[in-house]
Amino acid sequence: MSTVDYTKELTVIEGKPALRELDDLISKPLDTKPDKKFYIALAITLSMTGLFVIGLGLTFYYGIGTWGNNVPVGWAFDIVNFVFWVGIGHAGTLISAILFLFRQKWRTGIARFAEGMTIFALMTAGLFPLIHVGRPWLAGYLTPYPNQHSVWVNFTSPLLWDVFAVSTYLTVSLIFWYVGLIPDLATLRERTSHKIKKVIYSVFSLGWRFSNRHWQHYEMVYLILAGFATPLVLSVHTIVSFDFAVSVLPGWHTTIFPPYFVAGAVFSGFAMVQNVLIIVRKIFNYEHIITVDTLEKMNKIMLLTGSMVGYAYAMEFFIAWYSGVEAERFTFFNRALGPYAWSYWIMVTCNVVSPQLFWFKKIRRTIPVMFVIAIFVNIGMWFERFVIIVTSLSRDFLPSSWAYYKPTLVDAMILIGSFGFFFTWILLFTKALPVVSMAEVKAVVDGAQPSHTHGHGTVEKVP
Amino acid sequence: MDRNKFLYGLTGIFDSPDEITHAADEAVKEGFTKFDVNTPYPLHGMNKAMNLPPSKLGYVALIFGLSGTLGALLSLWWVSAVDYPIIVGGKPFFSFPAYIPVMFEVTVLSASIATVLAMLFFFFKLPNNSHPLNSTVYMKKVSADKYGIVIPANDPKFEETTVRIFLEKVHAKEITSQFWDEEEIYHKHKIFEPKFITFLIVAALITSATTYFSLNKLMFMVPFNWMMEQSKQNPQQLSKVFADGFGMRNPVDGTIARGFLPYEFKNRPELAGEKLVNPIPISKESLHLGQTKYDIYCIPCHGFNGDGNSRLRGQFPSPPSLHSEKNRTWTDGRIFAVITDGQNVMPSYSTQLNNDERWAVINYIRVLQRALNAKETDLK
């Protein structure tokens, strides 16, 4: 018999820490000098970023001929990386917006960090379409503006929708993130005795004073932003999938793409958040804020989205057979048994098989195991985009135009470098801003809310 | 210091959320309307306790969101159907389904930005770092783990002693009077402060210098390149490939340019008359071309009618009439030879008239000849 009492709300934050202790704990990385480990980590990521800079420099200087892209495979690592990084970003908005709408309180410990990751992932992702156009300094032509050429962009193209979707997503994520940061910056402003820090915090906290006449509107805006960000996050990967689905290439021309891409994005995003958070909670001693319960819930979401992705793979094969389209059938045979079969089976092993281990509670709660599985998921999701893009392009309708794609050293440098770029931002973020939202965490500590409202049963947050 | 003039209000601190909610309830009952509660995080039920009306920010989101949708729709229609109508994939110029993604994104973008800006700058009147409560002991506590109430001096019911008694009654701790900062109030921001002017000048200089550099210099440096500059050989350029250094090459020996077949009957007009055949049939177009060219190149000497009655008559040896028996019986090829090579004082017209034009002129001359020597049959 279960002895869980479902009438009581579960505790999100373990123990019953004093609010000031939470402040101290969360702002500790900001108040102390970085230690040796931080510098070692930063040295690694900066070296990787150096590779990025060299790879991009070579690309700019000699042109995209330095990449392995060939005639049928015109989209390769550049677009694979773009879709991968945009997908990583999706977990942040899912955690901060969708779980907020569902009143999942466990999100408070991880929301800020995941939102930060969204922004850094989008910054990384945004670089790829720009370098992919070959002359990135002319990328301004992508924006519709009245110009001396009397030319407008093509609003019926999914590639242009992408420009709008990704830039809107980045802007709204930044706003959402900043709105969440204002109270924390004000707390830091009042805490610090450092002169320069005080000026910086004052400027960015805008003189926030924790007034309940403000909190009321603030919560309203948070709700509105969450309400907008939810369809937005779904729309972004939908539109990214349109880049492929709207074309007529077998393997791309599929109506299942939008939900399949969104599920995959959430899947890979959660894996990345999981990986980074496991390290962060260990280094900064956030075990009580980012609890094993929280990690377990994230594993459940990965299990769900991983299964959805697995279903999509199966359904693609079924439709290829069921549609009776010969080219479509060939494409899927080719995926599983053709020259790129190795990448297909890496994808299936990592994305479909490995998350199924999360059915076991023991594995869901064992940190080293889930860390490894999350890494597998990240690898698998990168290969998913590789499989979709490269295998479909390399063998299309006309056998005479088939070609095998091989990445070059520059491709590899840019791929590794993009991880360096992303993790450099993450590292700087952990030292520059509170990685856990102080105001939100304090609000969900036991005893932080007036006791008499518990009698009403429901949460009276928004009038 | 005029104490009342600078008094902002009285603050009290509480330790638990229950106490502050109770205090807010009591403050409403006492009739305070401008009091405020400062808490490190939003408290459930505080809106009710403070008797606050619902937030109107939802309307801001609605209005700006709808304007975004409509604005996007209108601009997409104007761009794609009015200003720059291009057929894409055989779809109509106004393809509404294709506009939905962009319309959606613009809606979200405008609503989000407008709502946040309205909240921060319009509803909250932020930034406001000089607020008297900021950087006080009170704020230090309520920003971390305490709950505070403030009853400001501009509340209609405010009177220092009664407020103090009220705060004591609800068991507030650390009841403190908060004051405006005198310097802050009387501080005037001078626009013409030398520091500010220097800042403006430096900012303007840096902005214009970087803009000039990036647009006019940087964009023309390696690796930035433009399509008008390509690594190829242009005719008038120096060449490093060829020994003579010329970029432009001579054609291979014996090359004949299109339309410039060499004339084989030079100075052999009789042979030309025998061998050459007019390839241009008489037609309206060829006669029209012939008339045009004749009226340009031939009339100065031969006259409009071909009778030699021209404006050069008497100044030069008169040209023979084109209506003479000899001329009428010449073959087209014979006349062609005269136009091509010239004859007596008449120079060659081969540079002015190409082959087809010469034949067209000959066709026109035949018309002129026929007009003066019509046959019976022409009358029909």
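Up top is the structure.
Just so you know, the residues in each chain are numbered from 1, in the order the chain's sequence is written. Chains carry letters from A onward and ligands carry numbers from 1 onward, assigned in written order. Selection of residues for local features in this predicted model requires a pLDDT of at least 70, selection of side-chain atom pairs for listing and counting requires 80 or more, and totals for whole chains, interfaces and linings are taken over all residues. Derived side-chain values reflect all non-hydrogen atoms in the structure, with water molecules and hydrogen atoms excluded from consideration.

For the rest of this paragraph, the subject is the interface of chain B and chain A. Listed per partner, the contact involves 77 residues of chain B and 69 residues of chain A. What gets called buried area is simply the loss in accessible area from a 1.4 Å probe that two parts show on being joined, summed for both. Here chain B packs against chain A, burying approximately 6600 Å² in sum over the two surfaces, 65% of which is carbon and sulfur. The rule for a salt bridge is simple: a side-chain nitrogen of Lys or Arg has to be within 4 Å of a carboxyl oxygen of Asp or Glu. B:Asp145 is the partner of A:Arg20 in a salt bridge, and the nearest nitrogen-oxygen pair spans 3.4 Å. Counting of polar contacts relies on pairs of N or O atoms within 3.5 Å, with two restrictions inside protein: one atom must be capable of donating a hydrogen and the other of accepting it, and residues adjacent in sequence are counted only when both atoms are side-chain atoms. At the boundary of chain B with chain A, the tally comes to 27 residue pairs in polar contact (both at pLDDT 80 or more). Numbering of helices and strands starts at the N terminus; helices are DSSP runs of H or I of at least 4 residues and strands are runs of E of at least 2. With 17 residues, helix 5 (residues 96-123) of chain B is the single largest residue contributor to the side of chain B that touches chain A. The classification used treats Ala, Val, Leu, Ile, Met, Phe, Trp, Tyr, Cys and Pro as nonpolar, Asp, Glu, Lys and Arg as charged, and all other residues, Gly among them, as polar. When the residues that make up the side of chain B that touches chain A are grouped by side-chain class, the tally is 46 nonpolar, 21 polar and 10 charged. Note on definitions: a residue-residue contact is assigned when non-hydrogen atoms from the two residues lie within 4.5 Å.

All right, on to the packing of aromatic side chains then. Residues and elements named next belong to chain A. Classification of ring pairs rests on two measures: the distance between centres of Phe, Tyr or Trp rings, Trp counted by its six-membered ring, which must be within 6.5 Å, and the angle between planes, read as stacked under 30 degrees, edge-to-face over 60 and tilted in between. Within this structure, the stated rule accounts for 66 aromatic pairs over all chains. Centroid distance Phe-77 to Tyr-405: 6.1 Å. Interplanar angle 50°. Geometry classified as tilted. Taken together, the positions of Phe-77 in helix 3 (residues 77-101) and Tyr-405 in the loop between helix 13 (367-394) and helix 14 (409-432) put the pair 328 residues apart, joining distant regions of the chain. Judged on exposure class, the residue Phe-77 and its partner Tyr-405 are both buried. Measuring from ring centre to ring centre gives 6.3 Å for Tyr-340 and Trp-342, while their planes differ by 45°; the resulting arrangement is tilted. Each residue is placed in one exposure class: buried if its accessible area under a 1.4 Å probe, protein chains only, is under 20% of its type's maximum, exposed if it is over 50%, and partly exposed if it falls in between. By relative accessible area, which is 1% here, Tyr-340 ends up buried. When its relative accessible area of 43% is taken as the criterion, Trp-342 is described as partly exposed. Put simply, the rings of Phe-52, Phe-113, Phe-120, Phe-128, Trp-177, Phe-421, Trp-425 and Phe-429 touch in pairs and so form one group of aromatic residues.

Residue and element names in this part refer to chain A. The end-to-end C-alpha distance of helix 7 (residues 212-245), which contains 34 residues, comes to 48 Å, matching closely the 50 Å that a straight helix rising 1.5 Å per residue would cover. For helix 7, the tally of buried residues reaches 28 of 34 residues, placing the bulk of the element in the interior. Near the N-terminus of helix 7, the side chain that reaches the backbone nitrogen of Arg-213, with its oxygen 3.0 Å away, is that of Ser-211. Multiplying one less than the number of residues by 1.5 Å gives the expected span of a helix.

With that settled, consider the environment of A:Thr391. Residues and elements named next belong to chain A. You can see Thr-391 is positioned in helix 13. Separated by 140 residues in sequence, Thr-391 and Gly-251 place their C-alpha atoms 8.5 Å apart. Excluding its chain neighbours within four sequence positions, the residues that come into contact with Thr-391 are Asn-334, Arg-335, Tyr-340 and Phe-386. Reaching out from Thr-391, the side chain makes a polar contact with the side chain of Arg-335 at a distance of 3.4 Å.

With that settled, the discussion passes to the sheet that holds strand 4 (residues 173-179) of chain B. All names here are of chain B. Strand order in the open sheet formed by 4 strands is 2-3-1-4, and the pairing between neighbours is antiparallel. Of all strands in the sheet, those with a lone pairing partner are strand 2 (36-38) and strand 4, marking the two edges. Within this sheet the neighbouring strands show an average axis-to-axis angle of 25°, counted without direction. Criterion used throughout: strands pair if DSSP finds at least two bridges between them. Pairing of strand 1 (residues 7-14) with strand 3 (residues 147-152), which is carried by 6 bridges, proceeds in the antiparallel orientation. By the bridge assignment for strand 3, Gly-12 is matched with Ile-149. In this analysis, axes come from line fits to C-alpha atoms, helices being fitted only over the stretch in contact, and the angle between any two N-to-C directions falls in the range 0 to 180 degrees.

Now for the pairing of strand 3 of chain B. The buried fraction of strand 3 of chain B amounts to 6 of the 6 residues, a majority that puts the element mostly inside the structure. Side chains of strand 3 of chain B alternate between two faces, with B:Tyr147, B:Ile149 and B:Ile151 and B:Gly148, B:Val150 and B:Pro152 buried alike.

This paragraph deals with the packing of helix 4 (residues 108-132) of chain A against helix 14 of chain A. All names here are of chain A. Two elements in contact, helix 4 and helix 14, have axes whose closest approach is 10 Å; the angle formed by their N-to-C orientations is 150°. Like other packed secondary-structure pairs, helix 4 and helix 14 cross with a definite hand, here right-handed. Residues Arg-112, Phe-113, Gly-116, Met-117, Phe-120, Ala-121, Met-123, Thr-124, Leu-127, Phe-128 and Ile-131 of helix 4 form the contact with helix 14, whose own contacting residues are Ile-414, Ser-418, Phe-421, Phe-422, Trp-425, Ile-426, Phe-429 and Thr-430. Considered class by class, the residues forming the contact of helix 4 with helix 14 number 14 nonpolar, 4 polar and 1 charged. Crossing chirality is assigned from the near helix's rotation relative to the far helix, an anticlockwise turn below a right angle marking it left-handed and a clockwise turn marking it right-handed.

Our next topic: the pattern of salt bridges. All names here are of chain B. Scanning the entire structure with this criterion turns up 20 salt bridges over all chains. Between Glu-30 and Lys-169 there is a salt bridge, and its shortest N-O distance comes to 3.3 Å. On the criterion of sequence distance, the pair formed by Glu-30 in helix 2 (residues 17-30) and Lys-169 in helix 7 (residues 160-169) is long-range, its members being 139 residues apart. One salt bridge in this structure joins Lys-141 and Glu-174, with 2.8 Å as the shortest N-O distance. Placement of the pair is Lys-141 in helix 6 (residues 137-142) and Glu-174 in strand 4, with a sequence separation of 33 residues.

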